Amino acid sequence: MLYKTEGIVLKSMEYEEADKIVTIYTKNYGKITAIAKGVRKTKSKFGSSLEILTHSVFLFYKGRNIDIVSQAEILESFFSVSKEVIKFAFAANCVEVVNKLTEEREINIDLFNLLKEVLHYLRESNNPKLLTLSFKWQTMSILGYRPSLNHCCRCNKSVKDQKEMYFNIKEGGLVCNNCIVKDKEGCVKVSIYFNKLVRKILITPLSTISNATIPDEKIKELEKITDLYIAYHSEKSFKTDRFLKFL
Ligand SMILES: [Zn+2]
């Protein structure tokens, strides 16, 4: 059986003498891990379409153990590692997050579109770090890990007028002053600015965030909590790596 879909390459690795195993986030089928046979023998356009961060239309064959990617037509090659090292690193980080947080064959067109968008705006952005962090929060929200930022994640009381804010990574949101007295474990103190910023990020298009500016120390706080939050939620997702070991 053949099938065709648009996709963005999340990961590409050499396999045996001439093959490549690629992980592609596709629009219509979610994440797919497939093999491209003999692709490293010749220098071809097909080979370039299997590089990380390339957006193409792919043609797959249904295989017995693993699907085979047999043809591709490049739509857009987002970054070149040699020309734009820093932006490439941010873009590579975005696809890594998508790879870590998704399961094979779970379709999510919103996430596909968001990924395409972040790669597009990263090229123009004055603030690639803020854009990448915002992409991560929006990704978490799309995947059902939207944090609770208006109400306490334990008792649901409004946290609006609180002077001190605590974020709990595991529980997925802010913890109010009453609840914090009872149990402080796993709670990280955050600024009021952080709370406002993440709330804003979750409702603002990446095109707008792309050229926004915020103070450096605020970015640092945002980065710290983002990394903790992503690390916690991605711990469980190592299925692809395990699957590759069986080949
Ligand atoms: Zn509470």
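Please read all numbers here as calculations on a predicted model, not as lab measurements.

Novice: Sorry, what's going on with the overall build of the protein chain here?
Specialist: The secondary structure content of the protein chain amounts to 9 helices and 8 strands. Referenced to the eigenvectors of the C-alpha coordinate spread, the extents of the protein chain come out at roughly 65 × 35 × 25 Å. Split into buried and exposed, the 247 residues of the protein chain put 49% on the buried side. A distance of 3 Å separates the average location of the 39 positive side-chain charges in the protein chain from that of its 29 negative side-chain charges.

Novice: Could you clarify how one ought to interpret the pattern of salt bridges in this entry?
Specialist: Side chains bearing opposite charge may pair, as long as their charged atoms lie close to each other. This structure, assessed with the given rule, holds 10 salt bridges. Across the pair Asp-67 and Lys-62 runs a salt bridge whose closest N-O atoms are separated by 3.4 Å. Members of the salt-bridge network, linked through shared partners, are Lys-62, Asp-67 and Arg-105.

Novice: Could you clarify how one ought to interpret the sheet that holds strand S7 (residues 173–175) in this entry?
Specialist: Adjacent strands of a sheet form backbone hydrogen bonds with each other and so pair up, either parallel or antiparallel. In space, the 3 strands of this open sheet follow the order S7-S6-S8, with antiparallel pairing throughout. Edge positions in the sheet fall to S7 and strand S8 (187–190), since each has one partner strand and no second. Going from strand to strand, the sheet's axes swing by 45° on average, the running direction of each strand aside. Of the pairings in the sheet, the one linking strand S6 (residues 165–168) to S7 comprises 3 bridges and is antiparallel in character. Across the sheet, the residue bridging to Phe-167 is Leu-174, located in S7. Packed on one face of the sheet, helix H8 (residues 216–234) meets S6 and S8 and runs near 160° to S8.

The rules behind each value
Per chain, the residues get numbers from 1 upward, laid out in the order the sequence is written. Local features are withheld for residues below a pLDDT of 70 in this predicted model, meaning they are given only at 70 or higher, and side-chain atom pairs are given and counted only at 80 or more; totals for whole chains, interfaces and linings count all residues. Derived side-chain values reflect all non-hydrogen atoms in the structure, with water molecules and hydrogen atoms excluded from consideration. Numbering goes from the N terminus for both helices and strands, where a helix is a DSSP run of H or I of at least four residues and a strand is a run of E of at least two. Think of it in three bands: with a 1.4 Å probe and only protein chains considered, a residue is buried below 20% of the maximum accessible area for its type, exposed above 50%, and partly exposed in between. Counting rule applied: Lys, Arg positive; Asp, Glu negative; His and chain ends not counted. Charged groups are reduced to one reference atom each: NZ for lysine, CZ for arginine, CG for aspartic acid, CD for glutamic acid. Think of a salt bridge as a Lys or Arg side-chain nitrogen and an Asp or Glu carboxyl oxygen that are within 4 Å of each other. The pairing criterion is simple: DSSP has to find at least two bridges between the two strands. Only the stretch in contact is used when a helix axis is fitted, and all axes are lines through C-alpha atoms; the angle between N-to-C directions ranges over 0 to 180 degrees. In this description, contact between two residues means that some pair of their heavy atoms is separated by no more than 4.5 Å.

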